[in-house]
Amino acid sequence: MAAIRDNLQAIRERIERATAAAGRSAGSVRLLAVSKTHAPPKILEAWQAGQRAFGENYVQEAIAKMDALARSTGTSDPIEWHLIGPLQSNKTRLAAERFDWVHSLEREKIARRLSEQRPAGLPPLQVLIQVNCSGEASKSGLAPPDVPALARGVAQLPRLRLRGLMAIPEPTPDTSLQRKRFRSMRELHERLRGEGLALDTLSIGMSEDFEAAIAEGSTMVRIGTAIFGAREVEKSAA
Ligand SMILES: *Cc1c(COP(=O)(O)O)cnc(C)c1O
């Protein structure tokens, strides 16, 4: 397997090319490195290659890595940690205390808890609503018609800052279907902006489909395998 540094460089170049091909401005798509199941030395390797934003799926696994990495990286240029996996209500306090972003909001009750539990000394927690853009093919995320009501509610919470939407469409090699799913997300995002919500983030696109996502307006791609290689067996619970 190529070194993580080389993989990161290759992904950055592909992001730049896809961004330019879509006629979008350079730097308008952020790269989130998804490090779930990968050990701290691999994350450190990516950090040494300049990567600063990392995504994790499981709260406890992430916190162990945060602690290990804080010792290696120091605190002057901290890692930005994103929770991208499902969040259960018994983990909201840890999530509110330790993460910078949560991408997987789909219930108002969880949002209220995160807002109440976000420590006063930290900036507001940056949040995205996870949308099910594949209908029955996917179980995670909120059905699109239910998103505007949750978005309005979340936007009122004092310790959260609603930044936009996240989705994980069903995997498919059919690029026109990928584009169709991502386009529906962009349209929903625009609709919410049209209602006056100050959203700026569309978290769509993974290793196998990020170019289609960028073509449809992604502002943040979440990439694991193409940076770190195949994952170890995934744990089942957050
Ligand atoms: C695992 C995961 C990713 C990364 O997937 P790859 O196909 O390895 O790039 C992105 N987003 C979420 C929510 C994930 O769970």
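If you're wondering where the values come from, they're calculated on a predicted model, not measured in any experiment.

S.K.: Provide a residue-level description of the nonpolar core, including the pertinent values.
M.R.: Formed by 62 residues in total, the largest nonpolar core has its most connected members in L114, L165 and I227. Setting aside anything within four residues of it in sequence, one finds L165 in contact with L128, I129, V131, V147, M185, L188, H189, L192, T201, L202 and S203. Judged by nonpolar contacts, the second largest core, of eight residues, contains L32, A53, W101 and M166.

S.K.: Outline helix α3 (residues 59-73), supporting the account with residue identities and numerical values.
M.R.: Because each turn of an α-helix spans 3.6 residues, side chains separated by three or four positions in sequence point in the same direction. The end-to-end C-alpha distance of α3 is 20 Å, a good match for the 21 Å that 15 residues give at a rise of 1.5 Å each. Every buried residue belonging to α3 is among V59, E61, A62, I63, K65, M66, L69 and T73, and all of these are buried. At the C-terminal side of α3, G74 shows a positive phi close to 75°.

S.K.: Describe the side chain of T201, with residues and values.
M.R.: Structurally, T201 is set in strand β7 (residues 201-203). For T201, a relative accessible area of 3% translates into the label buried. Not counting the four nearest positions on each side in its chain, T201 is found in contact with W101, L128, R163, G164, L165, H189, T219 and M220.

S.K.: Describe helix α1 (residues 4-21), naming the residues involved and giving the relevant values.
M.R.: In this model α1 runs 26 Å from its N-terminal to its C-terminal C-alpha over 18 residues, within 8% of the 26 Å that 1.5 Å per residue would give. Here α1 has its buried residues at I4, N7, L8, I11, I15, A18 and T19. Considered in projection along α1, the buried side chains sweep an arc of 105° and stay on one side of the axis. Turned more than 90 degrees away from the buried face of α1, the exposed residues are E16, R17, A20 and A21. Backbone geometry just downstream of α1 places G23 in the positive-phi region, at approximately 70°.

S.K.: Kindly report on the pairing of strand β3 (residues 80-83), identifying the contributing residues and their values.
M.R.: Relative to β3, strand β2 (residues 53-56) runs parallel, the two being bridged by four bridges. Looking at the pairing, F54 lines up with W81 of β3. Crossover β2 to β3 through α3 is right-handed. Bridging between β3 and strand β4 (residues 101-105) involves two bridges; their strand directions are parallel. Bridge pairing links L83 to V102 in β4. After leaving β3, the chain enters helix α4 (residues 92-98) and then returns to the sheet as β4, a path that is right-handed.

S.K.: Would you mind going over the pattern of salt bridges in detail, with residue names and values included?
M.R.: Enumeration according to the criterion identifies 12 salt bridges in this entry. Between K65 and E61 there is a salt bridge, with the nearest N and O atoms lying 2.8 Å from each other. In this pair, K65 and E61 both sit in helix α3, four residues apart, roughly one turn of the helix. Here K65 and E61 have matching classes, each one buried. With a shortest N-O distance of 3.0 Å, R152 and E195 are connected by a salt bridge. Of this pair, R152 sits in helix α6 (residues 147-155) while E195 sits in the loop between α7 (175-194) and β7, placing them 43 residues apart in sequence. Since its relative accessible area comes to 40%, R152 is described here as partly exposed.

S.K.: Got a sec to walk through unusual backbone geometry? Specific residues and values, please.
M.R.: Its identity as a non-glycine residue notwithstanding, T37 has a phi of 70°, on the positive side. When you line up the elements, T37 lands in the loop between β1 (30-34) and α2 (40-48). The exposure class assigned to T37 is buried, which follows from its relative accessible area of 18%.

S.K.: Describe the site of the ligand, and please don't skip the residues or the numbers.
M.R.: The environment of the ligand is formed by V34, K36, N57, I84, I168, M206, S207, R222, I223, G224, T225 and R231. In the model, an oxygen atom of the ligand is placed 2.8 Å from a nitrogen or oxygen of the N57 side chain. For the ligand, an oxygen atom lies 2.8 Å from a polar atom in the backbone of G224. Its residues assigned to classes, the shell around the ligand comprises five nonpolar, four polar and three charged.

Thresholds applied
Residues numbered from 1 in each chain as written. Predicted model: local features only at pLDDT ≥ 70, side-chain atom pairs only at ≥ 80, totals over all residues. Heavy atoms only, no water. Core = buried A, V, L, I, M, F, W, Y, C linked by side-chain atoms within 4.5 Å. Buried < 20%, exposed > 50% of the residue type's maximum accessible area, 1.4 Å probe, protein only. Contact = heavy atoms within 4.5 Å. Helix = DSSP H or I, 4+ residues; strand = E, 2+ residues; numbered from the N terminus. Expected span 1.5 Å × (residues − 1). Arc of directions from axis to C-beta. Pairing = 2+ DSSP bridges. Right-handed = clockwise from strand over helix to strand, strands pointing away. Salt bridge = Lys/Arg side-chain N within 4 Å of Asp/Glu carboxyl O. Near = heavy atom within 4 Å. Polar contact = N/O pair within 3.5 Å; in protein donor to acceptor, adjacent residues only side chain to side chain. Nonpolar A, V, L, I, M, F, W, Y, C, P; charged D, E, K, R; others polar.

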